[in-house]
Amino acid sequence: MAATSASMVFYIFSWLSLVVLTSLLKYLINKTRTNPRIQTPPSPPSLPIIGHLHLIGSSVIPKSFQALAKLYGPLIQLRLGASTFILVSNAQVAKQVLKTNEINFINRPHIGSTSEYNLYEGCDFVFAPYGPYWRFMKKLCMNELLSSSQLGRFMHVREQEIKKLLKSLMVCSSEGRECDLGFELTTLTNNILCRTAMSTTCVDKDKNSNDDAAEIHGLVKEFLELGAKFSIGDVLGPLGKLDLFGYGKRLLKTLTRFDQIVERIMEEHEKKSDNEGETWDMMDVLLQVYRDPNAQVRLTRNHIKAFFRDIFLAGTDSSSVSVQWTMAEILNHPTVLKRLRAEIDAVVGSTRLVNESDFPNLPYLQAVVKEAMRLHPTAPLSLREAAEDFSINGYNVKSQTRTIINIYAIMRDPEAWPNPEDFIPERFLDDTTNDGVYGDHYNLKERFIKMSVNDFRYIPFGFGKRGCPGASLALTVINLTVAALIQCFDWRIKGGDRVNMEEGSSFSMGLAQPLVCYPVTCFNPFSL
Ligand code: HEM
C-alpha cells in the first residue's frame with residue numbers, strides 16, 4: 001500500500017512537472033514570438049553544421065534564393081555553414097533596408113578571409129567601411145572620375161572601340177564565320193574601361209605587340225573565377241583561412257601581376273609633363289590627389305591600384321554580360337528586333353553610324369535595354385551589413401548581420417510586375433501616346449518611362465549612397481553597343497532559331513552557354 005501511494009505521489013508529481021514545464025516552454029515560445037526584441041526572421045528548416053546549404057545546391061544562387069523567398073516570405077534568415085545572413089526579396093523590405101535605414105546598412109560585409117592574399121589590405125573601395133576614405137572616394141567618383149564631364153571627354157574612346165568591334169564582326173560576316181559575341185563584347189568593355197581609366201594601350205587583335213588591356217582582361221577574368229571559388233570558403237568559417245584548395249595563393253599571384261602592370265602605367269603617367277585636357281584620365285585625377293599635400297584624404301599607391309582593381313572587377317563583365325542578355329532577348333523576339341531597327345532607321349537613317357547624342361530620340365532602344373536589365377541584372381545580389389541592432393517588419397536583426405538584397409528576385413516579383421518572366425520592353429513606354437507607328441511625327445521624349453529613383457521594384461544598380469557609381473558609363477556603353485549591333489547586322493544564331501536562355505552560375509549571372517552567332521552585315525558605316 002505504502003509502495004502504491006509512493007508511486008501515486010511520484011506519478012502525480014511527474015504529471016505536474018510536465019504540465020508546469022510545458023506551460024513554461026509555451027510561455028517562453030510565445031514571449032519570443034511577441035517580443036520584437038528577440039524575434040528573428042523566419043527560417044526554413046536547417047540541418048546541423050551545413051544549415052541551409054542543401055537548399056542552395058550548386059545551381060544559380062539568386063534563383064535558389066528566389067525559390068526560398070516564394071516559400072518563406074520576403075525577409076528570411078539563412079545559414080550557409082558558418083555564415084548567417086538575412087535575405088531580402090521584395091521592394092517593400094528593400095526600401096526599409098536601402099532607404100529608410102540607409103546609414104545602418106551602408107557597410108558591406110567582408111566575404112572570404114582574404115587579408116593574407118590581398119596585397120591592398122585596408123585600401124579596398126567596394127568593401128571599404130563607411131568612413132572618411134570611402135566618403136572621399138565616392139565623392140571623387142561622382143564629381144570627377146565617373147562624372148558626366150569625364151565621360152564626355154572619353155566619348156571618342158567609346159566610338160573608336162565600337163568601330164573596332166564592328167570591323168571585327170564584319171570580317172566574320174565577309175568570311176561567313178561564326179563569332180563568340182561574349183568574347184568580343186568583353187574585349188570591348190574591357191578596352192573602354194582600360195582606356196578611360198588609365199589610357200592603357202589596346203592593340204588590334206592581329207597585331208603582335210604589347211597589349212596591356214588584353215593582359216588586364218585576362219587577369220580580371222582569372223580574378224573573378226578565383227574570387228568566386230575563394231569566397232565559397234566563407235561557409236567554412238575560420239577553416240576558410242587554411243586555403244585548402246590554394247585559391248588564395250593563386251589570387252595573390254594574379255593580383256601581384258596586376259600590381260606590376262598598374263605600377264608601370266602609374267610611373268609612365270608620372271613622367272608625362274603635359275597630360276591635361278583630352279587625355280586627362282582617371283589615373284591623372286588620382287595622381288593629382290596623391291601628390292596634393294593638402295588633400296582631404298592622403299591617397300597611397302595601393303589605394304589607387306585597389307580602386308582600379310575594384311572598378312575593373314565591378315565594371316567589365318557586368319556591362320558585357322548586359323549587352324549579351326539584351327542581344328539574346330532581341331534575337332529571341334523578332335518583333336522587338338523589327339521595331340528597334342525601325343526606330344534606329346527612322347532616327348539615324350543609313351548615312352551614318354548611331355551615336356550617343358541619338359539616345360534621347362531612341363526611347364524604344366532605352367526600353368529594350370531597361371527591360372533586359374530587369375530580367376537579367378548582372379550584379380544580382382547586393383551585399384550589406386547592419387551596423388546596429390535593428391527592427392524590420394517586426395523582426396529583430398542584430399548588429400553585424402550580413403544582409404543580401406536579391407535584386408534578381410525583386411525585379412521578377414509577380415506582386416510588383418505583370419507577367420514578370422516575360423520580355424516586354426513596352427512596359428517602359430508611355431502607352432498613352434503609343435500609336436505603334438514609327439515615323440517622324442511621334443513625340444519621342446514623352447514615351448520612355450524613366451521610373452523614379454525611389455521605385456524599389458527596379459534596382460539593377462542598387463540604391464543610394466552605396467549604389468553603383470558606374471551606372472551612367474555602363475548604360476551609355478550598353479545602349480550604344482546594342483544600337484550599333486542592330487543597325488549594322490542581321491544575326492543568325494548558331495545551332496538553331498533561338499538563343500538558349502539558361503543562366504550560368506558566374507558572379508554576373510551570364511548566359512550558361514556562350515552566345516555564338518553569325519553576323520550578316522546589313523549596313524557598313526565604313527563604306528560611306
Ligand atoms: C551593367 C553594368 C553594371 C551593373 C548592373 C552594376 C551594378 C552594381 C550594383 C548592384 C552595385 C551594388 C550597389 C548597392 O549595393 O546598392 C554596384 C556597385 C558598384 N559598381 Fe557597378 N554595376 C555596373 C557597372 C559598373 C561600372 C562600369 C563601374 C565602374 C566603372 C562600376 C563600379 C561599381 C563600384 C565601384 C561599386 C561599389 C560602390 C560602393 O560600394 O560604394 N559598376 N554596381
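These numbers come from a predicted model, not from an experiment.

1. Thoughts on the overall build of the chain
Next, step 1: Secondary structure assignment for the chain yields 16 helices and 9 strands.
Next, step 2: Here the chain, with 528 residues, has 51% of them falling under the buried criterion.
Next, step 3: Of the contacts made within the chain by residues no fewer than 6 positions apart, 73% connect residues no fewer than 24 positions apart.

2. Observations regarding the nonpolar core
If you look at soluble globular proteins, the nonpolar side chains tend to sit buried side by side.
Next, step 1: Within the largest apolar cluster, 131 residues are counted, with the highest numbers of intra-cluster contacts made by F307, F308, F312, M327 and V482.
Next, step 2: It is helix α12 (residues 301-332) that contributes the most residues to this core, 13 residues altogether.
Next, step 3: Non-local contacts of M327, meaning those with residues more than four positions away in its chain, are made with L181, V482, L485, I486, W491 and L515.
Next, step 4: Within the second largest apolar cluster, 9 residues are counted, among which are F65, L80, F85 and I404.

3. Structural notes on the sheet that holds strand β4 (residues 381-385)
Next, step 1: One open sheet holds the 4 strands; their spatial order is β1-β2-β7-β4, and the pairing between them is mixed. Strands with a single pairing partner mark the edges of an open sheet, and in this sheet they are β1 (75-80) and β4. With direction set aside, neighbouring strand axes in the sheet form an average angle of 30 degrees.
Next, step 2: By the bridge criterion, 5 bridges tie β4 to strand β7 (residues 402-406) in an arrangement that is antiparallel.

4. Re the pattern of salt bridges
Next, step 1: Scanning all chains against the criterion turns up 25 salt bridges.
Next, step 2: The shortest N-O distance in the salt bridge between E215 and R257 comes to 2.6 Å. One end of the pair, E215, is in helix α9 (residues 212-232); the other, R257, is in helix α10 (residues 247-271), with 42 residues separating them in the sequence.
Next, step 3: Measuring nitrogen to oxygen at the nearest pair gives 3.7 Å for the salt bridge that ties E503 to R412. Here E503 is found in the loop between β8 (489-493) and β9 (516-521), whereas its partner R412 is found in the loop between α15 (407-410) and α16 (471-488), with 91 residues between them in sequence.

5. Section: the layout of surface pockets
Next, step 1: Put simply, the second largest pocket is a space of about 1200 Å³.
Next, step 2: Taken together, 40 residues form the lining of the second largest pocket, with K450, F461, A471, S472 and L475 sitting closest to its centre.
Next, step 3: Listed by contribution, the elements that provide at least two residues to the lining of the second largest pocket are α5 (132-145), α6 (148-153), α7 (155-175), α14 (363-375) and α16.
Next, step 4: In terms of residues, the lining of the second largest pocket owes the most to one element, α16, which gives 5 residues.
Next, step 5: Each residue belonging to the lining of the second largest pocket can be placed in one class, and the counts come to 21 nonpolar, 11 polar and 8 charged.

6. Regarding the site of the ligand
Next, step 1: Every one of the 30 residues lining the ligand counts as a neighbour, but K138, S382, R384, R466 and C468 are closest to it.
Next, step 2: Top contributing element to the shell around the ligand by residue count: α12, with 6 residues.
Next, step 3: The residue inventory of the shell around the ligand, partitioned by class, reads 17 nonpolar, 9 polar and 4 charged.

7. Some words on the UniProt feature "binding site: heme" (unreviewed entry) in the chain
Next, step 1: The sites that UniProt annotates as "binding site: heme" (unreviewed entry) are C468.
Next, step 2: With a relative accessible area of 37%, C468 lands in the partly exposed category.

8. Some thoughts on empty space enclosed by the protein
Next, step 1: Counted under the stated rule, the structure contains 1 cavity of 30 Å³ or more.
Next, step 2: Estimated volume of the largest cavity: approximately 60 Å³.
Next, step 3: In terms of lining residues, the largest cavity is bounded by I216, L219, V220, F223, T254, L255, F258, R309 and L313.
Next, step 4: For the lining of the largest cavity, the elements supplying multiple residues, two or more each, are α9, α10 and α12.
Next, step 5: Examining the composition of the lining of the largest cavity, we find that 4 residues originate from one element, α9, more than from any other.
Next, step 6: Of the residues assigned to the lining of the largest cavity, the class counts are 7 nonpolar, 1 polar and 1 charged.

9. Examining the coordination of the iron atom of the ligand
Next, step 1: There is one protein donor for the iron atom of the ligand, and it is C468 (SG), at 2.3 Å.
Next, step 2: Structurally, the position occupied by C468 is in the loop between α15 and α16.

10. Comments concerning the packing of aromatic side chains
Next, step 1: Tallying each qualifying case throughout the model produces 11 aromatic pairs.
Next, step 2: Seen from their ring centres, W417 and F428 are 6.0 Å apart, and the 65 degrees between their planes marks the pair as edge-to-face. Of this pair, W417 sits in the loop between α15 and α16 while F428 is found in the loop between α15 and α16, placing the two residues 11 residues apart along the sequence.
Next, step 3: Here the basic side chain of K167 rests over the ring of F526, its NZ or CZ set 4.8 Å away from the ring centre.
Next, step 4: Against the face of Y518 rests R492, its NZ or CZ located 4.8 Å from the ring centre.

11. A closer look at unusual backbone geometry
A negative phi angle characterises most non-glycine residues, just as the trans form characterises most peptide bonds.
Next, step 1: Located in the positive-phi region is N393, a residue other than glycine, with phi close to 55 degrees.
Next, step 2: With a relative accessible area of 35%, N393 lands in the partly exposed category.
Next, step 3: With a phi angle near 70 degrees, Q400 is a residue other than glycine that sits in the positive phi range.
Next, step 4: Here Q400 shows up in the loop between β6 (395-397) and β7.
Next, step 5: Here Q400 falls in the exposed class, since its relative accessible area comes to 58%.

Parameters and conventions
Residues numbered from 1 in each chain as written. Predicted model: local features only at pLDDT ≥ 70, side-chain atom pairs only at ≥ 80, totals over all residues. Heavy atoms only, no water. Helix = DSSP H or I, 4+ residues; strand = E, 2+ residues; numbered from the N terminus. Buried < 20%, exposed > 50% of the residue type's maximum accessible area, 1.4 Å probe, protein only. Contact = heavy atoms within 4.5 Å. Core = buried A, V, L, I, M, F, W, Y, C linked by side-chain atoms within 4.5 Å. Pairing = 2+ DSSP bridges. Axes fitted to C-alpha atoms, helices over the stretch in contact; angles between N-to-C directions. Salt bridge = Lys/Arg side-chain N within 4 Å of Asp/Glu carboxyl O. 1 Å grid on protein atoms, 1.4 Å probe; cavity = no way out; pocket = protein on both sides within 12 Å on 5 of 7 lines; lining within 4 Å. Points joined across faces, edges and corners; volume = space filled by probe spheres on them. Nonpolar A, V, L, I, M, F, W, Y, C, P; charged D, E, K, R; others polar. Near = heavy atom within 4 Å. UniProt positions renumbered as here; feature names shortened; annotations may be inferred. Donors = N, O, S within 2.8 Å, 3.2 Å for Na, K, Ca; no water. Phe/Tyr/Trp six-rings, centres within 6.5 Å; stacked < 30°, edge-to-face > 60°. Lys NZ or Arg CZ within 6 Å of the ring centre and 35° of its normal.

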